[in-house]
Amino acid sequence: MTVFENIIDSFCYLVLVKMSSNTCPKCGNPVSEGNKFCSKCGASLNDAKGTEFLVVTTAEIPGFENVRALGTVHGITVRTRGVGGKIMAGIEGMFGGEVTSYSSEAEKARKESMDRLIEHAKAIGADAVVKTDFETSDILNGTATIFSAYGTAVLLKPSNK
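Since we're looking at a predicted model, the values are computed, not measured.

Q: I'd love a proper account of the overall build of the protein, names of residues and values included.
A: On a plain count of helices and strands, the protein comes out with 3 helices and 5 strands. Secondary structure elements in the protein, listed N-terminal to C-terminal, are α-β-β-β-α-α-β-β. If you take every contact in the protein between residues at least 6 apart in sequence, the share linking residues at least 24 apart comes to 68%. For the protein, the accessible area works out to roughly 10,100 Å², and carbon and sulfur atoms hold 56% of it.

Quick look at the structure:
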């Protein structure tokens with residue numbers, strides 16, 4: 001990955017949503033054109049036409065204006081390592097360097113917490129999440145780790161600038 005790609009990746013996390021415009025993206029229930037929420041499960045249909053969902057670490061998104069803040073949203077996952085993973089991490093730790101078994105689990109947990117953040121934002125009708133941050137904490141005497149992503153869900157409109 002180039003330096004430019006790394007900068008873009010840290011600035012903005014894009015999720016392409018490719019859903020049919022006549023079904024709910026969550027439960028697959030047929031929906032009428034123009035509905036904002038699914039009548040069966042209540043999921044937001046704002047993104048049902050194949051749009052991008054933006055999650056950024058900044059307060060504003062270039063080219064857009066924040067119309068309204070809908071509130072804070074979060075995504076949380078808790079992970080533990082199995083006995084095999086702990087043994088492999090111990091062996092890797094004896095030789096120094098990166099503990100790849102933990103790194104891969106941390107990447108999976110980061111993605112899962114981000115996916116849950118996006119799911120919560122969509123459920124309240126947001127167009128994007130701004131001021132996104134990640135946090136980790138050990139619990140249960142270090143046997144489990146909480147991975148959380150949080151930010152502010154907003155409604156956007158294209159900027160006139």
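Now that the structure has been shown, we can carry on.
Q: Would you mind going over the pairing of strand 5 (residues 144-158) in detail, with residue names and values included?
A: Where strand 3 (residues 64-80) meets strand 5, 15 bridges bridge the pair, whose relative direction is antiparallel. Pairing of threonine 77 across the sheet is with phenylalanine 147, part of strand 5. With 10 bridges joining them, strand 4 (residues 128-139) and strand 5 adopt antiparallel strand pairing. Within the sheet, the bridge partner assigned to isoleucine 139 lies in strand 5 and is alanine 144.

Q: Lay out unusual backbone geometry with the relevant residues and their values.
A: Look at lysine 131: it is not a glycine, yet its phi comes out positive at around 55°. By secondary structure assignment, the location of lysine 131 is in strand 4.

Q: I'd love a proper account of the nonpolar core, names of residues and values included.
A: Among the nonpolar cores identified, the biggest contains 11 residues, and these are Phe53, Val55, Val73, Met114, Leu117, Ile118, Ala121, Ala126, Val129, Ala149 and Ala153. Secondary-structure elements contributing two or more residues to this core are strand 2 (52-56), helix 3 (100-123) and strand 5. Per-element tally for this core: the top contributor is helix 3, with 4 residues. Apart from the residues lying within four places of it in its own chain, the contact partners of alanine 149 are Val73, His74, Gly75, Ser113, Met114, Leu117, Asp133 and Phe134. In this structure, Leu54, Val56, Val130 and Val154 belong to the second largest nonpolar core, which totals 7 residues.

Q: Pulling in residues and values, what's your account of the environment of glycine 63?
A: Here glycine 63 is to be found in the loop between strand 2 and strand 3. According to the relative accessible area criterion, glycine 63 is partly exposed, its value standing at 49%. Sequence separation of glycine 63 and proline 158 is 95 residues, and the distance between their C-alpha atoms is 6.0 Å. Setting aside anything within four residues of it in sequence, one finds glycine 63 in contact with Lys157, Pro158 and Ser159.

Parameters and conventions
- Residues numbered from 1 in each chain as written.
- Predicted model: local features only at pLDDT ≥ 70, side-chain atom pairs only at ≥ 80, totals over all residues.
- Heavy atoms only, no water.
- Helix = DSSP H or I, 4+ residues; strand = E, 2+ residues; numbered from the N terminus.
- Contact = heavy atoms within 4.5 Å.
- Areas by Shrake-Rupley, 256 points an atom, 1.4 Å probe, with all protein chains shown as cover.
- Pairing = 2+ DSSP bridges.
- Core = buried A, V, L, I, M, F, W, Y, C linked by side-chain atoms within 4.5 Å.
- Buried < 20%, exposed > 50% of the residue type's maximum accessible area, 1.4 Å probe, protein only.

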